[in-house]
Amino acid sequence: MRRATESDRTYLSRLFFLTDVFGDETREVSEYHLRDIPGYIDDWDPNRDGGFVVFDANRIPAGGIWLRYWSGPDALGWANLGPDIPELAIAVESRFAGRGLSRTLLDEALNLARSQGAPAVALSVASDNPRARHVYEKYGFKDVLGHSHPGAMRYDF
């Protein structure tokens, strides 16, 4: 595992696709996919936001996680809880599922956000993605009641 850099932006775009199709590459992307790429990928700053990419022993990318600090309440993020709480996006390649990579990536991202002074981390999970929801709930994320997006969850430090 290593910190994500500018050169990882293309891979993060792939991971963003995987988040949109819940890891099922035969599934069609949502109507929001193209709209959301600028905020989650194009405007991501490796120095300000940060993230990690994990590889197997053969240096094949296995997944990644990245934080996204939104500039205000009108910013695009699905789980935008304010400028001091980063939203995270995470995906693991299906061939690496079940190896604990999600937990490892979450650990690293939460440590990074904590070191940046964030009081919490947010994420968005679709209601029709129970597998991911279970992972986040087991980790300690809680639903954000009253948020404009019903899939918003947060983890408080």
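Predicted model only: the values in this text are computed from it and were never measured. Think of each chain on its own: its residues are numbered from 1, step by step along the sequence as written. This being a predicted model, a pLDDT of at least 70 is required before a residue's local features are given, and a value of 80 or more before pairs of side-chain atoms are given or counted; all residues contribute to the totals for chains, interfaces and linings. Hydrogens and water molecules were not included; the side-chain quantities draw on all heavy atoms of the structure.

Give me the lowdown on the pairing of strand E2 (residues 51-55), citing residues and values where you can.
Remark: exposure states derive from per-residue accessible area (1.4 Å probe, protein chains only) relative to the maximum for the residue type, with buried under 20%, exposed over 50%, and partly exposed in between. Put simply, DSSP marks the helices as runs of H or I at least four residues long and the strands as runs of E at least two long, and each gets a number from the N terminus on. Burial within E2 is extensive, with four of its five residues counted as buried. Strands pair, by our definition, only if DSSP identifies at least two bridges between them. Relative to strand E3 (residues 61-68), E2 is paired through five bridges, and the arrangement is antiparallel. Directly across from valine 54, in E3, lies its bridge partner glycine 63. Hairpin connection of E2 to E3: five residues between the antiparallel strands, including arginine 59 at a positive phi of 65°.

Break down unusual backbone geometry for me, citing the residues and quoting the values.
Positive phi outside glycine occurs at phenylalanine 22, with the angle close to 55°. You can see phenylalanine 22 is positioned in the loop between helix H1 (9-20) and helix H2 (33-42). Despite not being glycine, arginine 59 shows a phi value in the positive range, around 65°. According to the relative accessible area criterion, arginine 59 is exposed, its value standing at 72%.

Could you give me a rundown of the packing of helix H3 (residues 101-115) against helix H4 (residues 130-139), with the residues and numbers involved?
Axis angles are defined between N-to-C directions and span 0 to 180 degrees, where every axis is a line fitted to C-alpha atoms and, for a helix, only to the segment in contact. Here H3 crosses H4 at 50°, and the two axes come no closer than 11 Å. Relative to H4, the element H3 lies oblique. Handedness of the H3/H4 crossing: right-handed. Two secondary-structure elements touch here, H3 through Ser102, Arg103, Leu106, Asp107 and Leu110 and H4 through Val135, Tyr136 and Tyr139. Orientation labels follow simple angle bins: below 35 degrees gives roughly parallel, above 145 gives roughly antiparallel, 65 to 115 gives roughly perpendicular, and whatever is left gives oblique. Throughout, a crossing is termed right-handed when the near helix is turned clockwise from the far one, and left-handed when it is turned anticlockwise from it by less than a right angle. The criterion used for residue contact is that any of the two residues' heavy atoms lie within 4.5 Å.

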